[in-house]
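Close look at the chain arrangement
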Amino acid sequence: MSQTIEVKVPDIGDFKDVEVIEVFVKAGEKVEAEQSLITLETDKAAMEVPSPAAGVVKALKVKMGDKVSQGSVILILESSAQIPPSPPLPKGGNITAEALPTPPLAKGGLGGIHFTKGDLHAEVLVLGAGPGGYTAAFRAADLGKQVVLVEKHANLGGVCLNVGCIPSKALLHVAKVISEAEEAAHHGVTFSKPKIDIDKIRAWKESVINKLTGGLSALAKQRKVQVVRGSAKFSGPNTVVVKTAEGSKTISFDTAIIAAGSSVARIPGFPYDDPRIMDSTGALQLQDVPKRMLIIGGGIIGLEMATVYDALGSRISVVELADGLITGADRDLVRPLHKRIEKRYEAIYLKTKVTKIEALKNGLKVHFEGEQAPDPQLYDRVLMAVGRRPNGRDIGAEAAGVQVNERGFIPVNQQMRTNVLHIYAIGDITGEPMLAHKAVHEGKVAAEVIAGHPAAFEPLTIPSVAYTDPEIAWMGLTETQAKAQGIEYEKANFPWAASGRALSIGREEGATKVLLDPGTRRILGAGIVGVNAGELIAEAVLALEMGADMEDIGLTIHPHPTLSETLGFAAEMAEGTITDLLAPKKKP
């Protein structure tokens, strides 16, 4: 015996007047039990409402754009099935497909799209096991999700752990030890010239990588995260095809997190088949120490590698198209670095570009063009360090309906959702800045949203660090940005020449500055150049996130003598309470 049922919006917690953004059925259409009827979206997340039984839609009561609440009638269904009451959604969490009482893949597919489960199925599929990807996978697993993590490289950790952040810092440590030993001569301690065992240095760097990546593999096993090694591309809105060593494998998923990262950018027309032209990955392999080396690109990556090879004995030249090094940082922060390395390096060419590279038997002949362009020069190796490009066009995103912009980035909202509601994206692939610590926090947000938590990625600032010698670190508003945007600000600067700690280690070229709002006296930004600037900037980040003003920072007791004091001193300079220097006169 058939019955007529009013299908209503179930208990959706505290949300009211929720917008209908998709309608999957129409009057007269047959539907299956648990088939998706409509999708609702709040400012937090989205959910699908399934049919409580099989039947025929007699009348549709909503359309796209309508606002509904708990109890609103969606449609009239004629069915012969007995309908149990709809269980309520969990209280206190975001509305997600996973929060529905019926699994989203049962009978009907997510988004109303029917599909067949693959060779392997995941509640949460994560593409890419870099810092953002493995963080997302581990957090989702900790929150009770069944997770599959796909990684094309042999080890987890992505570019950062294997051929980026970690190995570069290991080599930079070696460079620091060598340069500090050299400079100790000025303090009365002279060491003999170091003997460079390139194989041992390389082996030590690899041991650091192996400890970290091995630890990640152990954590994945402990969390029961299934790792699939291979290159993945979307084959539909709920499936990817992974090319593994054992052949192709199809993985279906309820939700996916794209953490596919970025790749080295290239200037077209150069002879890249010549092994003497390296990218950052090749430079970190440390095959040899070239006598003469050109770095194309005066950004962070290029200058970090220049620091390493200079310390190991290469004669370094840097060519940069812009009018300064590390263009994202203020010029006063870059100046001490430029001043130091121009004494050590063979040449720094600004407003100059490379127009041609000839692969000759005795070296790479490089041709230049620009204001400071020299005659053609012969180098033993050339390092290409002109930036990175997102991998948005390499994963078949169009097959899933995921939007990729003209630069290859995937746009997301604060919950890291793409335009396809059950597919998220994090890390380099979502836009600048391409930094591992940004990806980590985005990964946690994506996992927590999927698990129904009220999470969003809303940082007030993301710090940047160049691990050069000296280091440069900045966060929040820069002076360059303030001037370009017409933002009113005050600046206070504390020179490290007045820091007892900086003087005691022979590195007084540094400086710490703060930018503040003239009215509220709150911190707007900060920049540090000097030894361990990357470690010191974290306090300024916390101050900005907490809404600290100059008095808060100045009254915070810092240990003495330390470099950390310099931020407190900069705040005292702003307030006019400094005693270690004469405070600047306040403008009338």
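Residues numbered from 1 in each chain as written. Predicted model: local features only at pLDDT ≥ 70, side-chain atom pairs only at ≥ 80, totals over all residues. Heavy atoms only, no water.

Remarks on the nonpolar core
Going by this rule: Nine residue types can take part in a nonpolar core, namely buried Ala, Val, Leu, Ile, Met, Phe, Trp, Tyr and Cys, and a core is a set of them joined through side-chain atoms within 4.5 Å. Relative accessible area decides the class of each residue, using a 1.4 Å probe on protein chains only: under 20% of the type maximum gives buried, over 50% gives exposed, and in between gives partly exposed. Elements are defined by DSSP. Helices are runs of H or I of four residues or more, strands are runs of E of two residues or more, and each kind is numbered from the N terminus. Two residues qualify as a contact provided that any one of their heavy atoms is within 4.5 Å of a heavy atom in the partner residue.
Counting residues in hydrophobic clusters, the biggest one holds 39 residues, and the most contacted among them are I295, I316, L325, I326, L383 and I472. Counting residues per element, the ones that place at least two in this core are α3 (165–183), α4 (198–222), α5 (280–284), β17 (292–296), α6 (300–312), β18 (315–319), α7 (331–344) and β27 (471–476). At seven residues, the largest contribution of residues to this core is made by α6. The contacts of I326, once residues within four sequence positions are left out, are G298, G299, I300, L303, R331, V334, L337, A466, I472 and W474. By size, the runner-up hydrophobic cluster in this structure holds 31 residues, among which are A492, A502, V514 and L567.

Focus on the confidence of the model for the protein
The condition is simple: Residue-level confidence of the predictor, termed pLDDT, takes values from 0 up to 100.
Looking at the protein, the pLDDT average stands at 90 and 91% of residues meet or exceed 70. Note on residues 82–114: pLDDT is under 50 here. Beyond four places in sequence and across chains, it has 84 contacts.

A few points about unusual backbone geometry
The omega torsion across E432 and P433 is -5 degrees, close enough to zero to call that bond cis. Looking at where P433 falls in the secondary structure, it is placed in the loop between β25 (423–425) and α8 (436–450). Following D469, the chain continues into P470 via a peptide bond in cis, with omega recorded as 5 degrees. Within the secondary structure, P470 sits in the loop between β26 (464–466) and β27. For K351, which is not glycine, the phi dihedral falls at a positive 50 degrees. Summarising the element assignment, K351 is placed in the loop between β19 (347–349) and β20 (352–360).

Digging into the pairing of strand β2 (residues 18–23)
Stated precisely, the cut-off is as follows: Following DSSP output, two strands are said to pair if at least two bridges run between them.
In this sheet, strand β7 (residues 67–68) lies alongside β2 in antiparallel orientation, the contact comprising two bridges. Bridge assignment links E19 to a residue of β7, and that residue is K67. Both β2 and strand β4 (residues 36–41) contribute to a ladder of four bridges, which runs antiparallel. Bridge pairing in β4 places V23 opposite I38.

Notes on the sheet that holds strand β23 (residues 381–384)
As a reminder, the rule being used: Here an angle of 0 to 180 degrees is reported between the N-to-C directions of two axes, which are lines fitted to C-alpha atoms, with helices fitted over the stretch in contact.
Here five strands make up an open sheet; going across it, the order is β16-β23-β17-β18-β19 and the pairing parallel. Each of the sheet's edge strands pairs with one partner strand only, and the pair in question is β16 (277–278) and β19. Both β16 and β23 contribute to a ladder of two bridges, which runs parallel. Directly across from M278, in β23, lies its bridge partner L383. Packed on one face of the sheet, α6 meets β17, β18 and β23 and runs near 165 degrees to β18.

Quick word on the sheet that holds strand β1 (residues 3–8)
In any sheet, the strands associate via hydrogen bonds between backbone groups, in a parallel or an antiparallel arrangement. Within the open sheet, the four strands sit side by side as β1-β8-β6-β3. Their pairing is antiparallel. Every interior strand has two partners, whereas the edge strands, β1 and β3 (30–31), have only one.

Let's talk about the pattern of salt bridges
Which entries qualify depends on this criterion: Counted as salt bridges are all cases of a side-chain nitrogen of Lys or Arg within 4 Å of a carboxyl oxygen of Asp or Glu.
This model, assessed by the stated rule, comprises 28 salt bridges. Measuring nitrogen to oxygen at the nearest pair gives 3.9 Å for the salt bridge that ties E6 to K8. One salt bridge connects R202 with D199, and the closest N-O pair in it is separated by 3.0 Å. Here the residue R202 and the residue D199 both occupy positions in helix α4, the gap between them amounting to three residues, near one helical turn. Judged by relative accessible area, R202 falls into the partly exposed class, the value being 23%.

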